[in-house]
Amino acid sequence: MIVKDYFLPESLDEAVTLLAERGPDLLVMAGGTIAMMRMNEGHLLPDQVMGLRRVGLDAITINGKLSIGATTTLSTLANNESVPMLSQAARSAASWSLRNMATVGGNLFARNPYGDVATALLALNADLRVINRNGERVLPLADFFAANRQLEPGELLADILVPPPTGQTVYHKFGRRAYNTPAVVTIAAHITRDGDSVTAASIALNGVAATPVRAIPAEKMLVGQPLNGETITAAAQAAAETVDPPSDAVASGWYRQRMVRVILERVLTQIMEQEQ
Amino acid sequence: MASKVVSFTLNGRETEVMVKPLTTLQVVLREQLGHTATKTGCRQGGCGSCTVLLNGEPVLSCLLPAEDVAGQQVTTLEGLTPIDGLHPVQRAFFDHYAVQCGYCSPGMILTTKALLDRNPTPSREEIVEAISGNICRCTGYTAIIEAVEAAAQALKGGQNGR
Ligand SMILES: Cc1cc2nc3c(=O)[nH]c(=O)nc-3n(C[C@H](O)[C@H](O)[C@H](O)COP(=O)(O)OP(=O)(O)OC[C@H]3O[C@@H](n4cnc5c(N)ncnc54)[C@H](O)[C@@H]3O)c2cc1C
Ligand code: FES
Ligand code: FES
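Residues numbered from 1 in each chain as written. Chains lettered and ligands numbered in written order. Predicted model: local features only at pLDDT ≥ 70, side-chain atom pairs only at ≥ 80, totals over all residues. Heavy atoms only, no water.

Draft legend 1. Spatial organisation of the environment of alanine 123 of chain A. Residue and element names in this part refer to chain A. Within the element layout of this structure, alanine 123 appears in helix α7 (residues 116-123). The sequence separation of alanine 123 and glycine 64 amounts to 59 residues, and the corresponding C-alpha distance is 18 Å. With residues near it in sequence (within four places) discarded, alanine 123 still touches Met85, Ala188, Ala189, His190, Ser202 and Ala204. (Helix = DSSP H or I, 4+ residues; strand = E, 2+ residues; numbered from the N terminus. Contact = heavy atoms within 4.5 Å.)

Written as structure tokens, this is what we have:
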């Protein structure tokens with residue numbers, strides 16, 4: 001490794017100023033579990049790197065919305081029970097030591113089939129607060145994924161804003177081992193019901209495309225319907241039919257597509273059987 | 001390429017090292033400080049052989065820039081081992097044949113120490129979860145899990161480690 005400069009700014013201001021001055025050649029790193037690994041491997045050979053461990057974005061606060069600082073570690077989120085689906089998603093990722101380093105912001109940049117927390121955040125309709133030297137903007141996480149995770153030059157991800165869930169949530173990561181395993185598929189669902197019938201459905205899938213995606217056809221089929229064996233089977237079938245998952249060392253696309261159906265059926269059944 | 005002086009507490013001792021930009025803690029420990037209990041396996045975060053404790057929490061030293069630990073407490077296996085013998089966790093690994101080639105052992109033992117500090121009576125499931133980031137290619141894990149259970153018993157029995 002022949003990095004010339006390693007910066008550890010002490011504030012967000014200092015970090016965005018450095019980024020503005022140094023431009024896109026400055027590699028941004030939060031927990032480093034992706035970036036350092038790629039540098040160790042020689043897949044990334046930057047001249048200059050900026051670490052975000054000291055910028056002070058590592059807190060979770062609640063003020064109407066839940067606000068998760070981008071450099072909050074997965075361990076911190078796992079131990080915060082304000083939104084159970086998020087702590088569960090954080091706990092499902094990697095190993096203890098890795099979760100002590102990996103950040104929630106970095107998880108949004110992790111390549112498929114990683115992105116366990118990102119999947120839960122997508123189901124919860126999270127927004128991103130992004131900041132540069134001149135100001136900030138808020139964009140939906142779904143738009144960030146649709147734009148293939150591109151931020152504008154000079155921008156840093158500052159926090160993730162999560163509206164409190166109004167309905168029932170279930171998270172299911174299906175891997176080949178119980179712990180510390182990449183996902184075959186991950187499904188996060190947020191379903192709101194009024195009496196018998198579903199009034200809002202948000203279902204996020206991971207392991208099936210380049211980024212986590214919403215299962216829009218399945219969501220549409222559920223709204224206005226009761227949850228029962230028939231509607232659940234139909235929605236799970238629709239979700240499986242609309243994805244074309246990649247094959248990799250973890251699982252084949254063929255298997256993943258079938259597991260989308262099986263796991264979504266289990267997730268929706270769990271919601272049906274839960275108390276509202 | 002400006003090197004920097006980094007000061008941190010290593011196994012209870014104030015330590016100062018001169019590091020090149022982005023040198024990992026793993027390289028500093030092994031190559032600059034001669035603390036070779038911390039191993040180098042994958043350098044990808046996948047094997048856990050480079051595990052050290054940072055302020056008591058397990059982290060992977062292959063992914064951690066040394067500059068990031070300035071002012072903090074780092075514990076390696078060298079720091080766990082008393083001058084005159086073995087730490088109870090080491091003793092349990094030894095007694096239960098949880099060490100074959102030994103490559104995973106420093107990481108396994110430090111992770112176990114951190115687990116038992118937080119949870120003195122872990123279930124088998126909690127042990128498996130805690131060590132799931134530490135790969136062992138020799139033992140098949142059963143002996144290690146039994147060693148962790150024995151270490152928990154020993155520590156509870158007042159055989160206090162440091
Ligand atoms: C062995 C191993 C197992 C893993 N297992 C899992 C798993 O089970 N589930 C899972 O989801 N992931 C897993 N991962 C992937 C990864 O560790 C996590 O996704 C983690 O959350 C990434 O966060 P980080 O802070 O370490 O990323 P970093 O490496 O710090 O960041 C990666 C890139 O993201 C961008 N970035 C990060 N933060 C910001 C920011 N605030 N602003 C702008 N850009 C930013 C930068 O371009 C940066 O280079 C695993 C990784 C390894 C090595
Ligand atoms: S060498 Fe650090 S995890 Fe393998
Ligand atoms: S004893 Fe050889 S890797 Fe565990």
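Anyway, onward from the coordinates.
Draft legend 2. Up close: the nonpolar core. All names here are of chain A. Ranked by internal contacts, the top residues of the largest apolar core, which has 37 residues, are Ile68, Leu86 and Leu121. Elements supplying a minimum of two residues to this core: β5 (65-69), α3 (74-78), α4 (84-91), α7, β6 (127-132), α8 (141-146) and β8 (156-162). Domain assignment of the residues forming this core places at least three in each of domain 2 (60-162) and domain 3 (168-273). (Core = buried A, V, L, I, M, F, W, Y, C linked by side-chain atoms within 4.5 Å. Buried < 20%, exposed > 50% of the residue type's maximum accessible area, 1.4 Å probe, protein only. Domains from an automatic or database assignment.)

Draft legend 3. Structural detail: the site of ligand 1. In the vicinity of ligand 1 lie 30 residues, with Val28, Ala30, Thr33, Thr103 and Asp116 of chain A positioned nearest. Each of chains A and B places residues next to ligand 1. For ligand 1, an oxygen atom lies 2.8 Å from a polar atom in the backbone of glycine 32 of chain A. Taking leucine 157 of chain A, its main chain carries an N or O atom lying 2.9 Å from a nitrogen atom of ligand 1. For ligand 1, whose free accessible area comes to 970 Å², the fraction covered by protein is 91%. (Near = heavy atom within 4 Å. Polar contact = N/O pair within 3.5 Å; in protein donor to acceptor, adjacent residues only side chain to side chain. Areas by Shrake-Rupley, 256 points an atom, 1.4 Å probe, with all protein chains shown as cover.)

Draft legend 4. Representation of the domain arrangement of chain A in the model. All names here are of chain A. What the domain assignment reports for chain A is domain 1 (5-51), domain 2 (60-162) and domain 3 (168-273). Counting from both sides, the interface comprises 14 residues of domain 1 and, opposite them, 16 residues of domain 2. At the boundary of domain 1 with domain 2, total buried surface from both sides reaches about 1000 Å², with 78% on carbon and sulfur atoms. The tally of links from domain 1 across to domain 2 stands at zero residue pairs in polar contact (both at pLDDT 80 or more). (Buried area = accessible area lost by both parts, 1.4 Å probe.)

Draft legend 5. Up close: helix α6 (residues 142-156) of chain B. Helix length check: α6 of chain B (15 residues) gives 21 Å between terminal C-alpha atoms against 21 Å at 1.5 Å per residue, within 8%. Tucked into the core, α6 of chain B has its buried residues touching α3 (88-95), α4 (105-118) and α5 (124-130) of chain B. (Expected span 1.5 Å × (residues − 1).)

Draft legend 6. Structural context of the interface of chain B and chain A. If you look at the interface, chain B gives 31 residues, while chain A gives 27 residues. Carbon and sulfur atoms make up 58% of the area that chain B and chain A hide from each other, which totals about 2600 Å². Scanning the region where chain B abuts chain A turns up two salt bridges. Here aspartate 68 of chain B ties to arginine 53 of chain A by a salt bridge, and the two come within 2.7 Å at their closest N and O atoms. (Salt bridge = Lys/Arg side-chain N within 4 Å of Asp/Glu carboxyl O.)

Draft legend 7. Molecular detail of the domain arrangement of chain B. Residue and element names in this part refer to chain B. Domain assignment breaks chain B into domain 1 (4-79) and domain 2 (88-156). Placing the centre of domain 1 and that of domain 2 at their C-alpha centroids yields a distance of 21 Å. Every contact between the two is made by 17 residues of domain 1 and, on the other side, 13 residues of domain 2. With both chains or domains summed, domain 1 and domain 2 bury close to 1200 Å², and 61% of this area falls on carbon and sulfur atoms. Applying the counting rule to domain 1 against domain 2 returns one salt bridge. Our count for the contact surface shared by domain 1 and domain 2 stands at seven residue pairs in polar contact (both at pLDDT 80 or more). Those elements that place two or more of their residues in the side of domain 1 that touches domain 2 are β3 (51-54) and β4 (57-60).

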